[in-house]
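Residues per chain are reported as follows:
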Amino acid sequence: MGEVLAGNHATWELESDALVIRFERGIRTPRLFQTLRERRVPYEALASVTLTPGRRGTVVLHAVPRPGADPLMTAAAGQLKETCDPYRLALPGDREALAAHWREELAALVPPGPADLEERFEGGFLVAPPQGPLSFKAYDGKAVFDGSSEVSFRWSSTGATSEKWKSGDRFYSVRELSGVEWRTPDAPGGYLRLLPRDAGPAAERPDHDPASVVFGLGYGAVHESLPFAAAVLAAVRGKERAPVPAGAPSAAHGNPGVVAERIRHLGELHRAGLVTDEEFAAKKTQLLAEL
């Protein structure tokens, strides 16, 4: 073991139990790769290995992950461009023989097993997620994940709709979530939506849904929002996640600092004329009751 293969933007190394992918950090390297830096992929997380012709006289090795093995690819849900797929390694065409040797070597290390691991591993993942804390700026607010237990959305005064402003900044305990939905910013209508457990139907429009942040030109870029989504998804599906007892308060409930911040935000809405005197008084009373 210990064989190393260098290709465009990355090197692959075969270790005793995993394929290690290390990404370059040059200006031509896709920014997603620069964010990921390195991925350690256990052989059992792979379904197969292929070798196909690529663009501009290249050949492409593709280590195909099993569905449910990698939170990044699960969150991406097939939306990544081929040039941003971290499991594809392009090499010059004159190295096809070497690439074919690697395909055989790596394929021999992939153990037989079911194509889909989601049931076998009860929703857990074999490939580690990007490490937190993570954050990114969306069009209508800032999303922050502390890396383990809480996601927050803080709304922008210029981009957020009145529905989101009136709802106030949002704080979600990972234990309250059932999943994450990511729609690439490379296409119109991109967004990241948290999926609360035991919640009613989500708002049809993400810009009206306080559990969503929406993307736009220059906001929520793939290299920021996709690792964020993957890290949250991995935390949600972690094996050690304990179920939320019925009636249990959220992470923000009863926290004096959080309550004070919400009252401050409510006051801003009131002064801006976005909530009435009656709405302000009722909501403030409700927040103070959480202490």
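Notes on the structure in this doc start here. Starting from 1, residues in each chain are numbered consecutively following that chain's sequence as written. The model is predicted, so local features are restricted to residues of pLDDT at least 70 and side-chain atom pairs to those at 80 or more, both for listing and for counting; the totals for chains, interfaces and linings are taken over all residues. Think of the side-chain values as coming from all heavy atoms in the structure, minus any hydrogens and water.

**Focus: the overall build of the protein chain**
Move 1: Looking only at helices and strands, the protein chain has 7 helices and 14 strands in total.
Move 2: Across the 291 residues of the protein chain, 42% fall into the buried class.
Move 3: Surface accessibility in these figures is a Shrake-Rupley result with a 1.4 Å probe; residues are shielded only by whichever protein chains are displayed. Accessible surface computed for the protein chain: about 14900 Å², of which carbon and sulfur atoms make up 51%. Labels follow the DSSP assignment, with helices taken as runs of H or I lasting at least four residues and strands as runs of E lasting at least two, numbered in each case from the N terminus. Partly exposed residues are those whose accessible area sits between 20% and 50% of the maximum for their type, while under 20% is buried and over 50% is exposed, using a 1.4 Å probe and protein chains only.

**Section: the side chain of H62**
Move 1: Within the element layout of this structure, H62 appears in strand β6 (residues 58–65).
Move 2: In this analysis, two residues are considered to be in contact whenever any of their non-hydrogen atoms come within 4.5 Å of each other. Contacts of H62, omitting those with residues within four sequence positions, involve W12, S48, V49, T50, D85, Y87 and R88.

**Section: the environment of L194**
Move 1: Looking at where L194 falls in the secondary structure, it is placed in strand β13 (residues 191–196).
Move 2: Under the relative-accessibility criterion, L194 is labelled buried at 1%.
Move 3: As a C-alpha pair, L194 and D209 span 15 residues in sequence and 9.8 Å in three-dimensional space.
Move 4: Sequence-distant contacts of L194, defined by excluding residues within four places in its chain, comprise V151, F153, Y172, L177, G179, V180, A211 and V232.

**Concerning the pattern of salt bridges**
Move 1: Salt bridge, as applied in this entry: a Lys or Arg side-chain nitrogen positioned within 4 Å of an Asp or Glu carboxyl oxygen. The full count for this structure, using the stated rule, is 12 salt bridges.
Move 2: A salt bridge links R22 to E38, with the shortest nitrogen-to-oxygen separation between them at 3.2 Å. Within this pair, whereas R22 is found in strand β3 (residues 18–23), its partner E38 is found in strand β4 (residues 38–42), the two being separated by 16 residues in sequence.
Move 3: Residue E38 is classed as partly exposed on the basis of its relative accessible area, which comes to 44%.

**Some remarks on helix α5 (residues 222–236)**
Move 1: A helix is expected to reach a length of 1.5 Å times the quantity of its residues less one. Relative to the 21 Å expected for 15 residues at 1.5 Å per residue, α5 spans 20 Å between its end C-alpha atoms, a close match to the ideal helical length.
Move 2: Judged by how many residues are buried, α5 sits mostly within the fold: 13 of 15 residues are covered.

**Looking at unusual backbone geometry**
Move 1: Its identity is not glycine, yet R56 carries a phi of approximately 55°, on the positive side.
Move 2: Mapped onto the fold, R56 is located in the loop between β5 (46–53) and β6.
Move 3: For R56, a relative accessible area of 87% puts it in the exposed group.
Move 4: Of note in this structure, A77 is not a glycine but carries a positive phi near 50°.

**Topic: the sheet that holds strand β14 (residues 212–214)**
Move 1: If you trace the 3 strands from one edge of the open sheet to the other, you get β12-β13-β14, paired in antiparallel fashion. Looking at the sheet topology across the chains shown, the edges are occupied by β12 (177–183) and β14. Put simply, the sheet's adjacent strands are angled 10° from each other on average, direction ignored.
Move 2: What makes two strands pair is DSSP finding at least two bridges between them. In terms of strand pairing, β13 meets β14 through 3 bridges, oriented antiparallel. Following the sheet pairing, R193 is matched in β14 by S212.
Move 3: Of the strands in this sheet, β12 and β13 touch α5, which is tilted by about 160° from β12. For every element, the axis is a line fit to its C-alpha atoms; helices are fit only across the contacting stretch, and the angle between N-to-C directions ranges from 0 to 180 degrees.

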